[in-house]
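# Coordinate analysis (summary)
What follows is each chain in one-letter form.
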Amino acid sequence: MIDIERARALTPGVRKVAHFNNAGSALPSSAVLETTIDHLRLEAEIGGYEAAAMAADRLNAVYASAARLLDCAPGEIAILDSATRAWDLAFYSIRFEPGDRILTSKAEYASNFIAYLQAAERFGVHVEVVPNDGLGQISVDALRDLVDERVRLISLTHIPTNGGLVNPAAEVGKVAREAGALFLLDACQSVGQLPIDVEQLGCDLLSTTGRKYLRAPRGTGLLYVRNGVLDQLEPAFLDLRAARWLSPERYEVQPDARRFESWEYGVAARLGLGAAIDEALDWGLENIRDRVYALAAELRERLAGIPGCRVRDQGAERCGIVTFTLDGVPADEIKARLAARSINVSVSRAPSTLLDMTERGLAEVVRASVHYYNTTEELAGLCRGLLGK
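## Brief notes about helix α11 (residues 285-304)
- Taking 1.5 Å of rise per residue, 20 residues should cover 28 Å, and α11 covers 28 Å from first to last C-alpha, within 8% of that figure.
- The elements touched by buried residues of α11 are α4 (56-70), α10 (267-283), β11 (309-311), β12 (321-326), β15 (364-369) and α14 (376-387).

## So, the pattern of salt bridges
- Going through the model one piece at a time under the given rule, you end up with 21 salt bridges.
- Sharing partners across several salt bridges, the network here consists of Arg-101, Glu-128, Asp-148 and Arg-150.

## As for empty space enclosed by the protein
- Here the structure, examined in full by the defined rule, presents two cavities of 30 Å³ or more.
- Every residue along the wall of the largest cavity is listed here: Ala-107, Gly-136, Pro-160, Asn-162, Gly-163, Gly-164, Leu-165, Arg-312, Asp-313, Gln-314, Asp-356 and Arg-360.
- Of the pockets and cavities examined, the second largest cavity occupies roughly 50 Å³.
- Lining of the second largest cavity is provided by Gly-192, Tyr-213, Leu-214, Arg-215, Ala-276, Glu-279, Ala-280, Ile-288, His-371 and Tyr-372.

## Quick notes on the environment of Thr-375
- Within the fold, Thr-375 resides in the loop between β15 and α14.
- Given a relative accessible area of 11%, Thr-375 falls into the buried group.
- When the C-alpha atoms of Thr-375 and Ala-296 are compared, they prove to be 11 Å apart, with 79 residues separating the residues in sequence.

## Description of helix α6 (residues 110-123)
- Taking 1.5 Å of rise per residue, 14 residues should cover 20 Å, and α6 covers 20 Å from first to last C-alpha, within 8% of that figure.
- The set of residues buried in α6 consists of Asn-112, Phe-113, Ala-115, Tyr-116 and Ala-119. Viewed along the axis of α6, the buried residues span an arc of 155°, placing them on a single side of the element. The exposed residues of α6 that point more than 90 degrees off its buried face are Ile-114, Glu-121 and Arg-122.

Procedures and definitions
Residues numbered from 1 in each chain as written. Predicted model: local features only at pLDDT ≥ 70, side-chain atom pairs only at ≥ 80, totals over all residues. Heavy atoms only, no water. Helix = DSSP H or I, 4+ residues; strand = E, 2+ residues; numbered from the N terminus. Expected span 1.5 Å × (residues − 1). Contact = heavy atoms within 4.5 Å. Salt bridge = Lys/Arg side-chain N within 4 Å of Asp/Glu carboxyl O. 1 Å grid on protein atoms, 1.4 Å probe; cavity = no way out; pocket = protein on both sides within 12 Å on 5 of 7 lines; lining within 4 Å. Points joined across faces, edges and corners; volume = space filled by probe spheres on them. Buried < 20%, exposed > 50% of the residue type's maximum accessible area, 1.4 Å probe, protein only. Arc of directions from axis to C-beta.

Right, dumping it as structure tokens:
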């Protein structure tokens, strides 16, 4: 179980705000804050290169921590500066050919779908959207019916940005393995919120960020690349971190996932990421999931009792992201009303998940994303804020 008093004592921000924007950027712990700031101070005192050399063992340990988090080998981890960079590097490393097919879901994030469309223009691939099932999640049966030998990639957002839906990634992974297609999972909202086992999920590539449910500094991200698919991928660019220059006319790429990294990175942020991962592992991902899911379920129940409030989450499994609308009240007005009470929420708009929002007739939703350090009292305060009490 999560010790809530301890969790809040270790989170300075809870004394300032009731933070329900964890799907945007969670509140870091004091340990993450101190780790990051201490290294920045060290850089100022002795120099950036010298400080990095002193932190070499701790930097290498981040790979082991990330591997424990995702249940993979350290050599299958690349550490990057964002989930966007991680996802792009994975996607643009695939050697697409004319006639290849990309299968994806209706709740795909805009950045991902724009990349699919660019690949369609550049390589002549076909982008196809798998229908949802009756619960609003990707239909595994429909996916199986669509798969053939031309499917090069199945790309899925595990938890969409605009709601509590958790897509059935493990079932999608089974279909991908059976078809011999690559499976790329955008786990930006799921890593740190629930246990992730890349082997159980069956994904070949997985991208995630540090700033959301992992509670790490902004400017951090992870890319998992299964060893067995490295030979199928060609990094979009190489530098002296990703490859070694062996002779005037010869280079050799790194033998593991670090071929997707670049030489320059924020050392302090990376150390902060390591501290955040270790903290999540110490709390236990099952414990975090159970606490987050319970708080979200309670919030949905409270919101359902407010006149004119409509909870918009879908799926058989619903996570810590809670989305809703209030009849006749714009989302930005709700956000401002709550902010005046030091309650943080965010707004998801149609362009971010265009296919899903358009199909459901939604222009915007308010997004309140809980974390384990939130309390029942804060949930009640959010609802009172909606009622103007």
